[in-house]
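Listed below, chain by chain, are the residues.
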Amino acid sequence: MTSATLTPEAPASPAPRPRRIRTPRSLRTRRVLGWIAEHAVLIVLAALFVSPVVFVFLTSVMSSSQTLTASLWPQPFVWSNYLTVFTTVPLAQWFANSAMYAILATAFMLISSVPAAYALAKIRFRGSGVLFTAIIVAMLLPPQVTAIPIYVMWSQLGLTGTLWPLILPNLLGDAFSIFLLRQFFLTIPTEYSDAARIDGNGEFGVLWRVVLPMAKPGIAATAIFMFFNSWNDYYGPLLYTSENPAAWPVAYGLASFRGVHGTDWGLTMAMTILVTVPVVIIFFFAQRVFVEGITLTGVKG
Amino acid sequence: MTTTARSVGRATARPTRPSRSRRRRNLVTLALLAPTLLGLAIFFVYPLIASVYYSFTRFDLISPPQWIGLRNYEYLFTQDPNVWTATLNTLWFVVIWVPVKTGFALIVAGLLARARRASGVWRTIFYLPALVPPVASVVAFVFLFNPGTGPVNQVLAWFGIKGPLWFNDPAWSKPSLVLLGIWVMGDIMIILLAALLDVPREQYEAASLDGAGGLQKVRYVTLPSISPVLLFAAVTGVIAAIQYFTEAAVASSVASGKAVVGEGIGNTLGYPDNSLLTYTQWLYVRGFGTYQLGYASALAVLLFIVAAVILLLLLRRFKAFTPEGAQ
């Protein structure tokens, strides 16, 4: 990038940023060309990023015979694909399973992880450093490392074949959520919690009356992350429910959908869109807190 | 940090035994943390220890584990027909998938950091694919790239290019997943964009005054100030790559067209031709496909050692992950 301040007068000038220096024409042309080039690249990239969605959507309203041809435009538009998928597989059941998994996991996570994150962020106690390190390691360790003994435990309890092994552990804290919530709680100045303690509040009072109201966006972001992770989960349901289609969440059902129906890309793409729509709707309602949350996961090293 | 606060407190306060209010506070702290402590014990500490124990046994879930010493590890290093293929495939994702995805995210973030008009719209377009459930994006990509009627090869044909077989060709299946990785790079991009927008403008102006050109500014101003975030993205990318599972398993299963309901991923594993067989899938199949839980535990212990080394590196580099950091 070349800029106006590169002109010879600039360094000598006493003003911090001389505004009205005439830029040589060649420089201005180069800037305009640079602007055009950058935006051309952006537009082409954006088109490439959007095109999968367009093709998937167009295919989702094609008849199954048309998906076997080379044409890319639906003729006719078969909107009924979106209803047909509900009758070819127990899709309503799968959606209900996904909703149960995501909602309960999120609620349980909040009950257990908000207090823990509060203690880690706002109370000084011996061993907090060790505990926090353990939570970070638990958060970053591949789940496959601990999967076998945990599976053995759940099978001894007779709960394999259901989604409970994926839901219940959230009652005992979720490492990633605790990490994220703690980051949010740390941004609340300690003066507020200290003042509340001087006013005679116990720790529960400080958490309930001061920290919770101030950390609402952070808690919302963490809850949305948890909801999405459960909604999108494939590995967990594969591990625990693969033999029991009645317990499948919808994302897992989608993965085995094509196998049953040969090459019916029309129905498969309709289901692909149906699985994605709830996530996108939630995102648009909560865009601001959500993007803030993503940024905080990678904060300031 | 905690200890200094304590000793300062001791020095000023009268030396009494712990007051009742302090004991009460400790109890409250313990109550706040109790579920998490229990969770760490049951779902983290115990399974780690149990995995090590199981790895020295023969265990099929029906009869109790039977001690066989180092036999699992012997088999792992000398006889297992697929462990090398799986390790190399996973390594491929670490070496190619992570840098390509991160690099692409950086380029897009750089372009977005400079686009002032409609930046929200651009950001949303490039971010949204990251939200799509991984299973849905893989199924969509296998369709888009399918060699028969897939739109990608048809569009390529307009330009007279004969597209490859993508997910059905062992040489192209992993690059196809890299393309998918690029499409879903949005969350890394958002983190990098935030870091880029945090670089103080004065530094660029100062560099300009010193006569730095565009590339020099990138080299001497941008990269140094975003390097912690870039390193964070790279290391979390590596952690994601060593456990790469869902995308590869679903791509194999859908592209093969042979998936059977309730069969899991066992019979389409690594399709085509083991090219998508990653380490964690191999672990899954040995553990839960053929119920060789002892042997799968040995694979898990090995994965743990590799992950632990990466984590140590990460924990030492990042203030955000230390108790005092990220304030």
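Bear in mind that the values here come from a model prediction, so they are computed numbers and not experimental data.

Student: Would you explain the overall build of chain A in this entry?
Tutor: Within chain A one finds 16 helices and zero strands. Every one of the 301 residues in chain A was classed for burial, and the buried ones make up 55%. Summing over all exposed atoms, chain A offers an accessible surface of approximately 13500 Å²; the carbon and sulfur share of this is 67%.

Student: I keep staring at the nonpolar core and nothing clicks. Help me out?
Tutor: Generally speaking, a soluble globular protein has its nonpolar side chains buried in company with each other. By size, the foremost hydrophobic cluster in this structure holds 197 residues, and its most contacted members are F185(A), Y234(A), F126(B) and M189(B). If one sorts the elements of this core by residue count, helix α4 (residues 91–122) of chain A sits on top with 15 residues.

Student: Please explain the interface of chain A and chain B as it appears in this structure.
Tutor: Many descriptions give the size of an interface as the accessible area lost when the pieces come together. Contacts between chain A and chain B engage 110 residues on the former and 111 residues on the latter. Between chain A and chain B, a total of about 9700 Å² is buried, with carbon and sulfur atoms accounting for 76% of that surface. Note that E203(A) and R25(B) form a salt bridge whose closest N and O atoms lie 3.4 Å from each other. For the pair chain A and chain B, the number of links is six residue pairs in polar contact (both at pLDDT 80 or more). The dominant element in the side of chain A that touches chain B, judged by the number of residues it contributes, is helix α2 (residues 25–60) of chain A, at 14 residues. Tallied by class, the residues present in the side of chain A that touches chain B amount to 74 nonpolar, 27 polar and nine charged.

Student: Explain the packing of α4(A) against helix α2 (residues 20–54) of chain B to me, please; I cannot follow it from the model alone.
Tutor: Two packed helices can be described by the angle between their axes and the distance between those axes. Running from N to C, α4(A) and α2(B) point in directions that differ by 130°, and their axes come no closer than 8 Å. With respect to each other, α4(A) and α2(B) are oriented oblique. Relative to α2(B), α4(A) is oriented so that their crossing is left-handed. From α4(A), S112(A), P115(A), A116(A), Y118(A) and A119(A) reach across to α2(B), where they touch T29(B), L32(B), L33(B), P35(B) and T36(B). Class assignment for the residues of the contact of α4(A) with α2(B) results in seven nonpolar, three polar and no charged.

Student: What am I meant to see in the pattern of salt bridges here?
Tutor: Any two side chains of opposite charge can pair, so long as their charged atoms come close to each other. Residues and elements named next belong to chain B. This structure, assessed with the given rule, holds five salt bridges over all chains. As a salt-bridge pair, D80 and R286 come within 3.9 Å of each other at their nearest N and O atoms. Highlighted residues: D80 in the loop between α3 (71–78) and α4 (83–114) and R286 in helix α13 (residues 279–289), separated in sequence by 206 residues.

Student: Sorry if this is basic, but what is going on with the environment of Y127(B) here?
Tutor: If you trace the backbone, Y127(B) turns up in helix α5 (residues 119–127). Residue class for Y127(B) comes out buried when judged on its relative accessible area of 4%. Sequence separation between Y127(B) and T36(B) is 91 residues; the distance between their C-alpha atoms is 33 Å. Ignoring anything within four residues of it in the chain, the contact list for Y127(B) reads F283(A), F290(A), I294(A), G186(B), D187(B), M189(B) and I190(B).

Student: Is there a simple way to explain a nonpolar patch on the surface in this structure?
Tutor: Where nonpolar side chains cluster on the molecular surface, the patch consists of W84(B), L88(B), L91(B), V95(B), I96(B) and V100(B) and spans about 570 Å² of accessible area. Its location among the elements puts I96(B) in helix α4.

Student: What is the right way to look at the confidence of the model for chain B in this model?
Tutor: Should pLDDT be low for a region, the predicted coordinates there are not to be read in detail. Residue and element names in this part refer to chain B. On average, residues of chain B score 86 in pLDDT, and 88% of them reach the 70 mark or higher. Scored below 50 in pLDDT, residues 1–15 makes eight contacts in the model with residues more than four places away or belonging to other chains. Every residue in residues 323–327 is under pLDDT 50, and counting partners more than four places away or in other chains gives 13 contacts. The complex prediction reports pTM at 0.87, with the ipTM value standing at 0.87.

Student: Would you explain the packing of α4(B) against helix α9 (residues 186–198) of chain B in this entry?
Tutor: Residue and element names in this part refer to chain B. Axis separation between α4 and α9 bottoms out at 8 Å; the angle between their running directions is 45°. Here α4 lies oblique to α9, going by the angle between them. Both α4 and α9 take part in a crossing whose hand is right-handed. Residues K101, T102, A105, L106, V108, A109, G110, L112 and A113 of α4 touch α9, and the partners they reach there are I188, M189, L192, L193, L196 and L197. Taken together, the residues that form the contact of α4 with α9 break down as 12 nonpolar, two polar and one charged.

Student: When you look at helix α6 (residues 134–144) of chain B in this model, what are you seeing that I'm missing?
Tutor: Residue pairs spaced three or four apart in an α-helix point in one direction, given the helix's 3.6 residues per turn. Among the 11 residues in α6(B), 10 count as buried, and that is most of the element. Looking at α6(B), one finds that the buried residues are V135(B), A136(B), S137(B), V138(B), V139(B), A140(B), F141(B), V142(B), F143(B) and L144(B). If you follow the buried residues of α6(B), they end up packed against α2, α13 (250–255) and α15 (265–285) of chain A together with α7 (151–158), α8 (173–183) and α12 (246–256) of chain B.

Student: Explanation requested: the environment of T276(A) in the structure shown.
Tutor: With respect to the secondary-structure elements, T276(A) resides in helix α15. Sequence spacing of T276(A) and W231(A) is 45 residues, and the spatial spacing of their C-alpha atoms is 9.6 Å. Beyond its immediate stretch of four places on either side in the chain, T276(A) contacts V132(B), P133(B) and A136(B).

Criteria and thresholds
Residues numbered from 1 in each chain as written. Chains lettered and ligands numbered in written order. Predicted model: local features only at pLDDT ≥ 70, side-chain atom pairs only at ≥ 80, totals over all residues. Heavy atoms only, no water. Helix = DSSP H or I, 4+ residues; strand = E, 2+ residues; numbered from the N terminus. Buried < 20%, exposed > 50% of the residue type's maximum accessible area, 1.4 Å probe, protein only. Areas by Shrake-Rupley, 256 points an atom, 1.4 Å probe, with all protein chains shown as cover. Core = buried A, V, L, I, M, F, W, Y, C linked by side-chain atoms within 4.5 Å. Contact = heavy atoms within 4.5 Å. Buried area = accessible area lost by both parts, 1.4 Å probe. Salt bridge = Lys/Arg side-chain N within 4 Å of Asp/Glu carboxyl O. Polar contact = N/O pair within 3.5 Å; in protein donor to acceptor, adjacent residues only side chain to side chain. Nonpolar A, V, L, I, M, F, W, Y, C, P; charged D, E, K, R; others polar. Axes fitted to C-alpha atoms, helices over the stretch in contact; angles between N-to-C directions. Parallel < 35°, antiparallel > 145°, perpendicular 65-115°, else oblique. Left-handed = near helix turned anticlockwise from the far one by under 90°. Patch = residues over 30% accessible without salt bridge, like charges linked within 9 Å, V, L, I, M, F, W, Y side chains within 5 Å. pLDDT = per-residue confidence, 0-100.

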